[in-house]
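Summary of structural features
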Amino acid sequence: MMRKIYIPYIIFALIILLIPVFIHSYYYLGVLIQAGYFSLICMGLSLVMGYAGQISLGHAAFFGLGGYASAILTGGHGWCPWLAMLAAMIISGVLAWLIGKPSLKLKGHYLAMATLGFGEIVYIFFNAEIRLTGGPSGYTMGVIPYLTIGNLTIDNEFKHYLLTWAIVLLILLVNLHIIHSRLGRALRAIHADEEAARAMGVHTARFKVWIFVLSAVYASLAGSLYAHNILFVAPGPFAAMHSILFVTMVIVGGMGSIWGAVAGALLLTILPETLRGFQDYNILIYGGILLFIMLFMSGGLFGGGRLFLAWLSHLRGRKKEVADG
Amino acid sequence: MGSIYALAALGFNIIYNATGIVNLAQGEFVMLGGMFMVLFGGTLGVPLGFAIIASVFVVTLIGIIFERTCINTLKNPTVMVLVMITVAASIILKGVTMFLAGKEIHTMEYFSGGHGTVPLWGGKIPTQTFWVLGTLAVVVSALVIFFNFTLAGKAMRACAFDRTAARLMGIPARRMVLLSFGLSSAISALAGAVIMPISMVDYQSGAMFGIKGFGAAILGGLGHNPGAVAAGLILGILESLSAGYISSHYKDALPLLILLIVLFIKPSGLFGSEAAGRLKKF
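Within every chain, residues take consecutive numbers counted from 1 along the sequence as written. As a convention, the first chain written is A and the first ligand written is 1, with the rest following in written order. Residues qualify for local features only when their pLDDT is at least 70, as the model is predicted, and side-chain atom pairs are given and counted only at 80 or more; totals for whole chains, interfaces and linings, by contrast, use all residues.

1. Focus: the overall build of chain A
Each helix and strand counted, chain A has 14 helices and 2 strands in total. Split into buried and exposed, the 325 residues of chain A put 47% on the buried side. Counting from the N terminus, the helices are the DSSP runs of H or I reaching at least four residues and the strands are the DSSP runs of E reaching at least two. Put simply, a residue is buried when 20 or more other C-beta atoms lie within 10 Å of its own C-beta and exposed when 12 or fewer do; between those, it is partly exposed, and each C-beta is set from the backbone.

2. Things to note about the overall build of chain B
Broken down by element type, chain B carries 12 helices and 2 strands. Ordered by position in the sequence, the α and β elements of chain B form the string α-α-α-α-β-β-α-α-α-α-α-α-α-α. Relative to its full complement of 282 residues, chain B shows a buried share of 50%. Expressed as a percentage of contacts within chain B between residues at least 6 apart in sequence, the contacts between residues at least 24 apart total 75%. Throughout, a residue-residue contact means that the two C-beta atoms, derived from backbone geometry, are no farther apart than 7 Å.

3. Here we look at the interface of chain B and chain A
Listed as interface residues are 30 residues of chain B and, on the opposing side, 30 residues of chain A. Listed by contribution, the elements that provide at least two residues to the side of chain B that touches chain A are helix H4 (79–101), helix H9 (206–219) and helix H11 (253–265) of chain B. It is H4(B) that contributes the most residues to the side of chain B that touches chain A, 14 residues altogether. Per-class residue counts for the side of chain B that touches chain A are 26 nonpolar, 2 polar and 2 charged. Basically, the charged four are Asp, Glu, Lys and Arg, the nonpolar ten are Ala, Val, Leu, Ile, Met, Phe, Trp, Tyr, Cys and Pro, and anything else, Gly included, counts as polar.

4. Side note on the environment of Gly64(A)
Within the element layout of this structure, Gly64(A) appears in helix H3 (residues 59–76). Apart from the residues within four sequence positions on either side, Gly64(A) is in contact with Val122(A), Phe126(A), Gly223(A) and Phe238(A).

5. Comments concerning H4(B)
To estimate the expected span of a helix, count its residues, drop one, and scale the result by 1.5 Å. The terminal C-alpha atoms of H4(B), which comprises 23 residues, lie 32 Å apart, in line with the 33 Å expected from a rise of 1.5 Å per residue. Just downstream of H4(B) lies Gly102(B), where phi reads positive at about 85°.

6. So, the nonpolar core
Think of a nonpolar core as buried Ala, Val, Leu, Ile, Met, Phe, Trp, Tyr and Cys residues, each tied to the set through C-beta atoms within 7 Å. Grouped together as the largest cluster of nonpolar side chains are 185 residues, with contacts concentrated most on Ile41(A) and Leu290(A). Those residues within four positions of Ile41(A) in sequence are excluded, and the remaining contacts are His59(A), Phe63(A), Tyr218(A), Ala219(A), Ala222(A) and Phe246(A).

7. Here we look at helix H5 (residues 110–128) of chain A
Helix length check: H5(A) (19 residues) gives 27 Å between terminal C-alpha atoms against 27 Å at 1.5 Å per residue, within 8%. The element H5(A) is largely enclosed, with a buried count of 15 among its 19 residues.

8. Focus on the confidence of the model for chain A
Per-residue confidence from the predictor is reported as pLDDT, a score between 0 and 100. Per-residue confidence for chain A gives a mean pLDDT of 81; residues scoring 70 or more make up 87%. Averaged pLDDT values over the elements of chain A bottom out at 60 in helix H14 (residues 300–324) of chain A and peak at 90 in H3(A).

9. Examining the confidence of the model for chain B
Of all residues in chain B, 84% attain a pLDDT of 70 or more, and the chain-wide mean is 76. Low pLDDT, under 50, characterises residues 274–282 of chain B; the stretch is placed with 13 contacts to residues that sit more than four places away or in other chains.

10. Notes on the packing of H3(A) against helix H4 (residues 81–105) of chain A
Each pair of packed helices can be described by the angle between their axes along with the distance between the axes. All names here are of chain A. With axes taken as lines fitted to C-alpha atoms, and helix axes fitted only over the stretch in contact, angles between N-to-C directions fall between 0 and 180 degrees. Remark: H3 packs on H4, axes separated minimally by 8 Å, with the N-to-C direction vectors making an angle of 140°. Overall, the two elements H3 and H4 adopt an arrangement that is oblique. For the crossing formed where H3 meets H4, the hand is right-handed. Contacts from Phe62, Leu65, Gly66, Ala69, Ser70, Leu73 and Thr74 of H3 reach H4 at Pro81, Ala84, Met85, Ala87, Ala88, Ile91, Ser92, Leu95 and Ala96. Here the residues of the contact of H3 with H4 sort into 12 nonpolar, 4 polar and no charged. For classification, angles of less than 35 degrees are called roughly parallel, those exceeding 145 degrees roughly antiparallel, those between 65 and 115 degrees roughly perpendicular, and all remaining angles oblique. Crossing chirality is assigned from the near helix's rotation relative to the far helix, an anticlockwise turn below a right angle marking it left-handed and a clockwise turn marking it right-handed.

11. A look at the environment of Leu190(B)
As for its position among the elements, Leu190(B) is in helix H8 (residues 173–195). The sequence separation of Leu190(B) and Val139(B) amounts to 51 residues, and the corresponding C-alpha distance is 9.2 Å.

12. Structural notes on unusual backbone geometry
For residues besides glycine, phi is generally negative; the peptide bonds are generally trans as well. Even without being a glycine, Leu231(A) presents a positive backbone phi close to 60°. Looking at the element boundaries, Leu231(A) is found in the loop between helix H10 (204–230) and helix H11 (240–253).

13. Here we look at the environment of Leu151(B)
Mapped onto the fold, Leu151(B) is located in helix H6 (residues 151–161). Taking the number of C-beta atoms within 10 Å as the measure of exposure, Leu151(B) has 8 and is therefore exposed.

Here you go:
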């Protein structure tokens with residue numbers, strides 16, 4: 001079982017590490033770094049959607065909380081970046097717990113509504129608390145430092161790329177272990193049939209809350225990394241539209257597949273860059289993709305691929321039957 | 001403003017009762033109502049009455065097309081798929097509006113001409129407020145008559161109560177879903193058309209209408225129509241008060257905060273019954 005996980009994992013890690021050997025353009029590396037942040041968020045969201053069976057429409061808020069907490073603690077109060085990152089993750093985790101606890105106790109999709117409201121409140125907060133966050137024009141009260149590891153300062157796109165994707169690979173490994181652990185089986189049981197899972201003694205509400213908290217912590221981590229890369233935060237990237245974008249990425253990759261989440265994040269970050277001429281059309285493209293996948297293949301591209309393979313082998317089986325008969 | 005939230009909340013309830021889904025594109029229909037109002041009434045210079053009718057008609061048509069193409073074609077959808085489809089629809093409607101109407105904020109004169117106000121209790125009330133309140137009154141009475149005295153209205157109530165039983169009684173449940181989408185988008189469009197002169201509308205303002213309307217629907221108890229109207233008005237008043245007394249930045253946050261608090265403390269809403277809340281699928 002474990003071998004089945006590790007082989008694709010190692011191949012993927014090698015590809016990721018080899019990319020900077022071939023791509024030297026800081027611009028393209030920048031796009032891939034962005035995809036790395038989104039992969040972190042989407043992996044968490046994929047656990048929430050695919051395994052706990054809940055939608056979160058507020059993950060951009062946790063992304064933003066991470067970014068702003070890092071910016072304010074390091075830039076304004078002179079904290080060590082890593083400590084600030086940890087503090088940001090704790091803040092996001094606690095807030096996620098406060099939202100998740102009551103809304104996940106209820107049956108149904110109340111989490112979607114609660115997170116939608118929460119996301120808007122956080123966005124308004126970023127815009128309105130000008131003395132703390134700098135308001136709509138962004139944080140300018142202090143200088144956000146680059147991250148450092150020992151004596152090494154992560155100050156160019158190449159180093160950022162390696163750091164970001166090292167963290168993505170680490171979290172990917174953690175997630176693969178989670179879904180193949182007792183917790184993962186419990187979550188899948190919840191997704192398949194909540195009543196049955198509860199009858200079997202799975203503490204459904206508690207598991208769902210913890211997975212939601214975990215996903216918020218991932219998003220916060222991505223936000224902190226983002227702040228220390230761009231060295232600037234403004235409310236723009238943390239608006240509700242981006243929460244929907246993250247959900248779209250997860251759905252494109254196929255809910256409940258950690259690999260799918262990474263693939264969806266990569267695809268939907270790189271695709272719009274290749275279609276730069278159509279920048280204004282982004283909103284329509286995302287909407288169209290989301291609608292199409294929901295209508296025709298609710299398993300996502302990966303699920304669709306699996307269906308296609310099943311159909312192929314079904315065809316081959318039939319041919320064989322004909323030949324044998 | 002409260003009346004608009006009340007109308008949007010009614011729109012949510014009608015679809016929710018018929019299908020059990022929350023239509024996250026509801027706010028976009030309000031926005032579209034406003035946009036078409038500007039188009040017909042402002043740009044094309046169609047007389048007021050016709051402009052209202054035309055914008056409501058067009059948006060209703062969009063709502064019906066949406067139901068026919070996206071909701072009705074699904075064979076065995078899960079609630080999550082349905083919710084995501086409404087999210088996708090809202091993005092697409094937003095995008096198309098952005099292209100056709102541009103990114104700028106649209107404004108319009110009050111229906112009674114100019115930007116007149118009427119002095120009342122020491123304050124000044126824009127004349128448009130009376131149009132909005134009047135619309136709410138008309139819609140509510142029309143809905144009361146529809147749900148209590150017509151066959152289609154009674155059938156819709158039966159579907160909301162127990163869909164399987166209603167179908168066994170020979171009520172075409174699927175057609176009721178279509179009807180509910182049409183009715184709901186018509187109400188939302190009307191709300192958008194009358195609010196247009198007071199609150200400026202751009203392609204992004206649908207989301208706020210939607211989420212506040214949903215807040216009102218939750219506060220009043222999801223699926224509970226009189227509750228929705230009362231809760232919408234309460235939200236509107238609280239919002240204006242908070243803009244005056246706390247901070248105008250946070251006036252948009254207050255209805256959302258109330259939405260969260262209600263979800264946490266009493267998810268069945270102020271007026272909904274505990275039992276009805278538990279029976280529902282969503």
